[in-house]
Amino acid sequence: GTVRLATMEGRGDTPIIAHAWLGDLYFVKGDLEQAIRVLEPGLALCRASGDRNFLTVIAGGLGYASALQGCIAEGHALLREGIREGLRTGALINHALWVAQLSEVCRLGGRREEAWQHAEANLARGLLDDLDAPTKQPDQEAKSRLTLLSRLDGRLVPLLTARKLEPAQKEVRDKLLR
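Quick look at the structure, then. (Residues numbered from 1 in each chain as written. Predicted model: local features only at pLDDT ≥ 70, side-chain atom pairs only at ≥ 80, totals over all residues. Heavy atoms only, no water.)

### A few points about the pattern of salt bridges
- If you walk through the whole model with that rule in mind, you get 6 salt bridges.
- For the salt bridge of Arg47 with Glu81, the shortest nitrogen-to-oxygen distance reads 2.5 Å. With a gap of 34 residues between them, Arg47 in helix 3 (residues 32-49) and Glu81 in helix 5 (residues 72-89) connect regions that are remote in the sequence.
- By relative accessible area, Arg47 is classed as partly exposed at 43%.
- Overall, the relative accessible area of 16% leaves Glu81 in the buried class.
- If you follow the salt bridges from partner to partner, you end up with Arg52, Glu85 and Arg88 in one network. (Salt bridge = Lys/Arg side-chain N within 4 Å of Asp/Glu carboxyl O. Helix = DSSP H or I, 4+ residues; strand = E, 2+ residues; numbered from the N terminus. Buried < 20%, exposed > 50% of the residue type's maximum accessible area, 1.4 Å probe, protein only.)

Shown next, in the form of structure tokens:
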């Protein structure tokens, strides 16, 4: 079944895309069981075909849905796989979402320190992204991130201060601090 579908000529990415977006639709509707039933063969298609374009989306969605259904270890592994693949390929759309979901899965699994590390890294990345966009006016989301970071216990300070800022980045940081 799966290998045959993945290797059929002329079908391209269509079956994988269908699994990815249909699984996401079921997830958004709250039907986690159906989302898992749709995403599992989609992940198998990605792996069997060697098509890694949707692996991040499918592994991330399947991982989070599985964890919410009580399969914490499996969900954790799938989310990590999806995040790793996104970093490897540069497919960083929804990266912050996957990391936030990984943090939540860690928390659900009793791995509070790891959950906190993922949450901190996500906040820091958001602030660094804000600093990398010096022409952009600081928006409410950026100010909220900075407020959250200011409440942390200092573990992020080395990451944020070790980085040399260009004058335009310093200007953005100063606007955020106002």
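### A few points about helix 5
- Here helix 5 spans 26 Å end to end across 18 residues, near enough to the 26 Å set by a 1.5 Å rise per residue.
- Buried residues of helix 5: Gly75, His76, Leu78, Leu79, Glu81, Gly82, Ile83, Glu85 and Gly86, and no others.
- Count one or two residues on from helix 5 and you reach Gly90, which has phi positive near 80°. (Expected span 1.5 Å × (residues − 1).)

### Observations concerning the packing of helix 2 (residues 14-29) against helix 3
- Helix 3 packs onto helix 2 with a crossing angle of 155° between their chain directions and a minimal axis gap of 8 Å. Classified by the angle their axes make, helix 2 and helix 3 are roughly antiparallel. By crossing handedness, the relation of helix 2 to helix 3 is classed as left-handed. Contacts between helix 2 and helix 3 involve Pro15, Ile16, His19, Ala20, Leu22, Gly23, Tyr26 and Phe27 on the former and, on the latter, Leu32, Gln34, Ala35, Val38, Leu39, Pro41, Gly42, Leu45, Cys46 and Ser49.
- By residue class, the composition of the contact of helix 2 with helix 3 is 13 nonpolar, 5 polar and no charged. (Axes fitted to C-alpha atoms, helices over the stretch in contact; angles between N-to-C directions. Parallel < 35°, antiparallel > 145°, perpendicular 65-115°, else oblique. Left-handed = near helix turned anticlockwise from the far one by under 90°. Contact = heavy atoms within 4.5 Å. Nonpolar A, V, L, I, M, F, W, Y, C, P; charged D, E, K, R; others polar.)

### A word on the side chain of Glu114
- By the secondary structure assignment, Glu114 is in helix 7 (residues 112-131).
- Those residues in contact with Glu114, other than ones at most four positions away along the chain, are His76, Arg80 and Cys106.

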